[in-house]
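Here's the letter readout for the chains.
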Amino acid sequence: MTQKYKYREGVASTRARASQGGGFSPNLRCARVLLVFGALMIAGPVWAQEDTEEAAADVEAPTAEPGTIDGQDSALPTGLTPPSAVQEVTPAYPQAALADEVEADVVMQIDVTVDGRVENIVPMGLTYYTYDAEGYLQEDERELTADELGFVPAAVEAMQGFEFTPATMVDDEGVAQPIPVQLTWRMGFVIDYEQVEVPVVAEEVPEEGQPPSQINQDGPVNLEGRLLERGTRTPLVGFIVAVELAGAEGEEPLYAESVTDADGRYEFRGLPAGEWRLVVNEADYFPFESSVAVSSTEVTDSTYYVERNTYGENVATVTTTPVRQEVTRRTISVQEIQRIPGNNNDAIRVVQNLPGVARPAFGGGDVIIRGSAPEDTEFLIDGMGIPAVYHFGGLRAVFPSELLEEINFLPGGYSAYYGRATGGVVEVTTRQTRPGQIGGHVDVNVFDTGVWLEAPIGDKLFVQLGGRRSYIDAILLPLSDALELNFTTAPRYYDAQARVVWDVNQNNRLSLLTFISDDLIDLVQEDETGIDPEQRGGIRARSYFNGAQLAWTSQITETLRNEMRVQVYNQGLNFALGQGLYFNLKNIEHAYRDTLTWSPTERFTFRYGMDIRAIPGDIAVRAPQPPAEGQESVDLGQGETIEVAQNFNFYQPAQFVEVDVVPVEGLSIRPGFRMEYYRPPEQWAFQPRLAARWQINPTVLVKGAFGSFHQDPQPFETSDGFGNPDLRLEQAFHYVAGTELTLGTAVTANLELFYKDLNQLVSPSNNTVQRNGETVPEFYNNDGDGRIFGAEFLVRANVDTRFSGWVAYTISRSERLDAGSDEWRLFDFDQTHILTILGTYNLPKNWSIGARFRLVSGNPATPLLGGAFDVDSNSYVRVAGEANSIRQPAFHQLDIRVDKRWVYNRWMLNLYLDLQNAYNRRNQEDVAYSYDFEESAPFTGLPIIPSFGIRAEF
Amino acid sequence: MKTYAYTGALLSITGVLSACGGMGFEEFYEVSKLRTLAIGAEPPEIGPGQSATFSTLTVNPSSDAPMTYQWEACLFTDGPDAYYACSESTEAGVAGFPLGNAPEAQLNYDTLTAAGFDIAEICASLEGIDLPDFITLPDCTRGLPLTIRLVATQGGVTEVSKKTFTLLRPEEAEREDVNTSPVAGELTLNGQPAQGYVLSADSTLDEVELSLDVDLSQAQTYEPPDPANAGQRLESNVEELNVAWFTTHGTLEYSRTYYAQGITPVDELGSNTLDLTTGVEPETGETITLWAVLRDDRGGISWRSWSFSVATITN
């Protein structure tokens, strides 16, 4: 999101030009600095150019306060301080231009480094100014190659000598860290003429009885209003509003300017009555003009809406180096990803496009990280566990994208802050930025309709409310006769969230988030003849949770900060197939997390935390033994049905400590230690962690990490009826090494090598054991092993406001050694090659187009060699070959997305079309077999699927 | 705590069954090649002093070539991936024994016992031993379950089938509710006896009503043993019956029909519809064969077959 700051320079020169009958030019000639953070005010000296004439220096530039604006401007990140010039160089005025009385503006794009130096000066634009015979200013915008008079090299040479205090961003520990930024700098070449009359600022007292014909700077305000961005209603801060009143024949026109304040307000004093022409002309916005009738006796209040050139959500020219606690943390802003094709506007699903993440079959929601199982991935919201991520296991995320600010993807070697997961972590953070005004949207798409509303309440409070409800049921119900299905309840889902954030004072913030989610399908077949009586009664599946999270963030002292979170949610899973099979789970999770951070110096941070979960509940199941990873599915009717009903009470406290040390500039080391306890199985886990990052130079960073991680078995694996209550924790060791390259301001590249050593994996067993004096099947033991190794490449690009995208490639291998086996086999989700190329391009007139191409190795599969007929069940039992010894064909697919936005004064309308599988590739996801497994045919995935949606934002 | 992985797996189990419909494969009830449709044991279970005769419904409408049979009785098998071959493990005692190569095979309880095959001893010895990974501990509550394995071969093509057969403990064999095989009556087509019937061209060939006569008293009432309390019985059950239908031509509305007391309609078990205008359509005068395999839920099984034809087919 781009906002601008206007920094006026050479005001005297500008006014001198106007006094020469230069008339009114819609292109304002103030030298200004463009910052893409937001509206910021910079303190700085007036810059005056030198030439053969003395520069008038009696007009001050408007002063401003450095630092942040207290969250009043919705687009500005809190804690940002822009750079300010401490050394400026006056350019040499080209002699030929001076002789020809030609003035100019040169626009340059510059990088300001973390030590305040100027680099990568790139001329972007050039405009020549001359005066015609009548003295009106003539503007000539020209190509850089048409700079006959030499303004561009003079400007570049001068720019090289500039020095700045670097821009800073306050990190999570409250420490301002220098960051590189990119600016657009306009350097003006203005000839300062002597004996300049400045009629626009002259104070003249009108003769008695005569109407005032000049502007009275000390007069009352008689023209004021607000300048807002069209569509978003965001106040435009630091914009120059210029007004001009044409004079009578022979008279000079009157001209005045006002700069909008933090609320987008402008005001003019003492304007003579008349029909004034109001102009706003700022970079990245369409020129705006309007007429306004001004009265000398009344106040005219007018609000104007200025439209941006582009409303793309790319974070364009800002290059920030986020403070990293993690060796590998891929952070994606929600705004950046909402237009990625193939994601159904689902922010969490974009993680599947990152390197190291395997592709789930049928577009499901599983996140399979670096060869680990889906259940080895921990999902967190603000550090607390999420009971479920998607509706119906993969359809839509249970939390809307609007609630989220960032998605952090941690594929390995993560800090001691995270635990209970041996695979990886996906953490979403809720929006922390206070909205500047009431806003929201209504979103209608093929899956559901959702509404979102957020609003500030006073200066210290803001609320967010959201809700979605699907309407698949409304579509299916009329079709139920044709499908011969009788839906007691057709598939439907809904979710809702409410959040209140209260800034108690400058150092304390409280927030309360409540949430609810519910998925349900309930159907029976009209004619159940031919269906096993045990399976009659239809299918019913329901998944729900509801709860609340309370957070208290406190900056206790300048160096000491505490963050405490408490979360409670109620969860239920119910599944029934006829009368014979069911699964009913109900539990209440209580979670507490507290993190104390002490940063006495910039180079040292100590962190201590507690992370406790308690989960009482009960489970009742009647079903066949579920297949383990690597095993083939079980056909109903074959195998034994097991029945279990029991209570459980999981208790999992944990503590961690870690230190961030910067022994020398550019090198950060983070040793940590996490201690966990699990009951069941009443086992301690001690987990050392170590990570290091070394910024060798501004371009190259190397990094590495090592860590030990534990995870408890799945609940059914330890249940009395289905599993082995004596199972121990699974363990993994992560080894990560890599490098990051910053290639200019638009491109970053990342290479990482990883190795995971898995042991004590839960593995199926046919052994028998003695338990409570009885010989019983063991079902599972901890004799499984795993090993995963590979490399990831990621290149990300954000090129100005128009384009963003990335290329991600992973090559890896994931293997398992089952209990009792001597041979390693491929993991079910091993995908040797994963290539994802995606990009979004913003076109003019608020169009954007995006594409995503994926090329992925097929999943391993177990060949079926035939079948043996089981007379008892009247069905064939599959005869399997070597586990995961063949591979499905490679997958490739192109998704395309087109967005169009219509911008109105107070709202915007977005329409999108998301075309998944654009060339209708019939990717094989599995193999279908005949009843006796003697014949097979490809079982392909989804064909070309167009989905569309429309969103009204206000 | 991660609970959703199991729910996902359970849903995938139910999904497998439905995944293969509409893929162009033959339906399960279509018989066009060598198939074993059933293995019968008479009586279904034996106790001391009894013998059982095993027979098979192995058919091939496409070939008259001679078939060969190989019968085995296994205590343990190497599982489905080995086509249920009798296990070679000797640690558990007798692993298995051949039953001959005739179309039928016999098994005598006392002959086994005399050969050292003591059921009680075997069941007791199974507890506590370290079984190989591919062997599942059998349930000895009522007796010793054996796997009867049949390999039928014709013209180089082999069909492997297996059935569970229980050698009862003496006390179980003496009960009055010991299992007997249900028996089906006659089949009618559109109300006419099926055997030798010729469907006229005026018949509605796309909706041939099949009605199998099954006396519902064939569903025995029995009291299963309580596995948690030796010597105790659970409350009485009524057997559930089912008919598996097979045909050489046409398509059937139901592959299987059921009777479960209190759940299914009483006339559902023997009712089906045959559509001779879809699937493999018969030629004029061509013989169509139907089979019906009747089972109870305790291993009892029997079958009947009928052949009929259709008069002039007008395409």
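1. A word on the overall build of chain A
Within chain A, the secondary structure is distributed over five helices and 55 strands. When each of the 954 residues of chain A is scored for burial, the buried share is 55%. Here chain A has roughly 38100 Å² of accessible surface; of this, 54% comes from carbon and sulfur atoms.

2. Looking at the overall build of chain B
Along the backbone of chain B there are four helices and 20 strands. Expressed as a percentage of the 315 residues in chain B, the buried residues total 49%. Considering only contacts within chain B whose residues lie at least 6 apart along the sequence, 65% involve residues at least 24 apart. In the structure as shown, chain B presents an accessible area of about 13900 Å², 48% of it carried by carbon and sulfur atoms.

3. Focus: the sheet that holds strand E19 (residues 287–296) of chain B
All names here are of chain B. Spatially, the five strands line up as an open sheet ordered E11-E20-E19-E15-E17, and their pairing is mixed. Each edge of the open sheet carries a strand with a single partner, namely strand E11 (198–199) and strand E17 (256–259). In terms of strand pairing, E11 meets strand E20 (residues 301–310) through two bridges, oriented parallel. From the neighbouring strand, leucine 199 faces E20, where its bridge partner is valine 310.

4. Points about the pattern of salt bridges
By the definition in use, this model includes 62 salt bridges over all chains. In this structure, arginine 622 of chain A engages glutamate 534 of chain A in a salt bridge whose closest nitrogen and oxygen atoms are separated by 3.8 Å. In this pair, arginine 622 of chain A sits in strand E35 (residues 604–624) while glutamate 534 of chain A sits in the loop between strand E31 (508–525) and strand E32 (539–555), placing the two residues 88 residues apart along the sequence. Given a relative accessible area of 38%, glutamate 534 of chain A falls into the partly exposed group. With a closest N to O distance of 3.6 Å, glutamate 172 of chain B and arginine 142 of chain B form a salt bridge.

5. Some details on the sheet that holds strand E1 (residues 35–42) of chain B
Residue and element names in this part refer to chain B. Pairing within the open sheet is antiparallel, and its three strands lie in the order E1-E3-E6. Only two strands of the sheet have a single neighbouring strand rather than two, namely E1 and strand E6 (105–108). Strand-to-strand, the axes of this sheet are offset by a mean angle of 20°, without reference to chain direction. Looking at chain direction, strand E3 (residues 51–59) and E6 are connected through four bridges and run antiparallel. Directly across from phenylalanine 54, in E6, lies its bridge partner alanine 105.

6. Considerations on the confidence of the model for chain B
Residue and element names in this part refer to chain B. Residues with a pLDDT of 70 or more make up 84% of chain B, whose mean pLDDT is 84. Between the elements of chain B, mean pLDDT differs from a low of 35, seen in helix H1 (residues 4–19), to a high of 97, seen in strand E15 (residues 241–247). This stretch, residues 1–21, has a pLDDT under 50; its non-local contacts, to residues over four places away or in other chains, come to 52 contacts. Across the whole predicted complex the pTM is 0.76, and at the interface the ipTM reaches 0.92.

7. So, the pairing of strand E18 (residues 271–275) of chain B
All names here are of chain B. Of all the five residues making up E18, four are buried; the element is thus mostly covered by neighbouring parts of the structure. Alignment of strand E12 (residues 208–212) against E18, held across four bridges, turns out to be antiparallel. Residue serine 211 lies in a different strand from E18, and its bridge partner there is serine 271. Where strand E16 (residues 251–252) meets E18, two bridges bridge the pair, whose relative direction is antiparallel. Bridging across to E18, threonine 251 finds its partner in aspartate 275.

8. Concerning the state of the cysteines
Residue and element names in this part refer to chain B. The full count for this structure, using the stated rule, is one disulfide over all chains. For cysteine 74, the disulfide goes to cysteine 86, at an S-S distance of 1.8 Å. Note on the cysteine 74 and cysteine 86 pair: the S-S dihedral is about -70°, so by sign convention the disulfide is left-handed. Here cysteine 74, found in strand E4 (residues 67–74), pairs with cysteine 86, found in the loop between E4 and strand E5 (96–100); they are twelve residues apart in sequence, far enough to count as distant.

9. What about the packing of aromatic side chains?
Residue and element names in this part refer to chain A. By the definition in use, this model includes 38 aromatic pairs over all chains. Seen from their ring centres, tyrosine 904 and tryptophan 907 are 4.7 Å apart, and the 20° between their planes marks the pair as stacked. Given a relative accessible area of 33%, tyrosine 904 falls into the partly exposed group. Ring pairing ties together the aromatic residues Tyr414, Tyr417, Tyr418, Phe656 and Phe709, which thus form one cluster. The ring of tyrosine 417 is capped by arginine 593, whose NZ or CZ atom sits 3.9 Å from the centre of that ring. The side chain of arginine 897 reaches across the aromatic face of tyrosine 912, ending 4.2 Å from its centre.

10. A few points about unusual backbone geometry
Peptide bonds are trans in most cases, and residues, glycine excluded, mostly fall at negative phi. Of the consecutive residues proline 680 of chain A and proline 681 of chain A, the connecting peptide bond is found in the cis state with omega at 10°. With an omega of -5°, the peptide bond between glutamate 42 of chain B and proline 43 of chain B qualifies as cis. Positionally, proline 43 of chain B belongs in the loop between E1 and strand E2 (45–46).

11. Observations concerning the environment of valine 175 of chain A
Residue and element names in this part refer to chain A. Within the secondary structure layout, valine 175 lies in the loop between strand E8 (167–170) and strand E9 (176–179). The exposure class of valine 175 is buried, given its relative accessible area of 15%. The sequence separation of valine 175 and threonine 601 amounts to 426 residues, and the corresponding C-alpha distance is 8.9 Å.

12. Section: the environment of threonine 641 of chain A
Residue and element names in this part refer to chain A. Note that threonine 641 resides in strand E36 (residues 641–661). Counting along the chain gives 16 residues from threonine 641 to glutamine 625, while the straight-line C-alpha distance between them is 6.9 Å. Once residues within four sequence positions are removed from consideration, threonine 641 is found in contact with Leu581, Arg622, Ala623 and Pro624.

13. Re helix H3 (residues 151–160) of chain A
Residues and elements named next belong to chain A. The buried fraction of H3 amounts to seven of the ten residues, a majority that puts the element mostly inside the structure. For H3, the full list of buried residues reads Phe151, Val152, Ala154, Ala155, Val156, Ala158 and Met159. Here the buried face of H3 lies against helix H2 (95–99), strand E4 (103–112), strand E5 (118–131), strand E7 (163–165) and strand E10 (181–189).

14. Overview of the nonpolar core
In terms of nonpolar packing, the biggest core is built from 47 residues, with Phe54 and Leu167 of chain B touching the most fellow members. Among the elements that take part in this core, strand E7 (residues 143–154) of chain B stands out by supplying five residues, more than any other.

Each value, and the rule that gives it
- Residues numbered from 1 in each chain as written.
- Chains lettered and ligands numbered in written order.
- Predicted model: local features only at pLDDT ≥ 70, side-chain atom pairs only at ≥ 80, totals over all residues.
- Heavy atoms only, no water.
- Helix = DSSP H or I, 4+ residues; strand = E, 2+ residues; numbered from the N terminus.
- Buried < 20%, exposed > 50% of the residue type's maximum accessible area, 1.4 Å probe, protein only.
- Areas by Shrake-Rupley, 256 points an atom, 1.4 Å probe, with all protein chains shown as cover.
- Contact = heavy atoms within 4.5 Å.
- Pairing = 2+ DSSP bridges.
- Salt bridge = Lys/Arg side-chain N within 4 Å of Asp/Glu carboxyl O.
- Axes fitted to C-alpha atoms, helices over the stretch in contact; angles between N-to-C directions.
- pLDDT = per-residue confidence, 0-100.
- Disulfide = S-S within 2.5 Å.
- Phe/Tyr/Trp six-rings, centres within 6.5 Å; stacked < 30°, edge-to-face > 60°.
- Lys NZ or Arg CZ within 6 Å of the ring centre and 35° of its normal.
- Core = buried A, V, L, I, M, F, W, Y, C linked by side-chain atoms within 4.5 Å.

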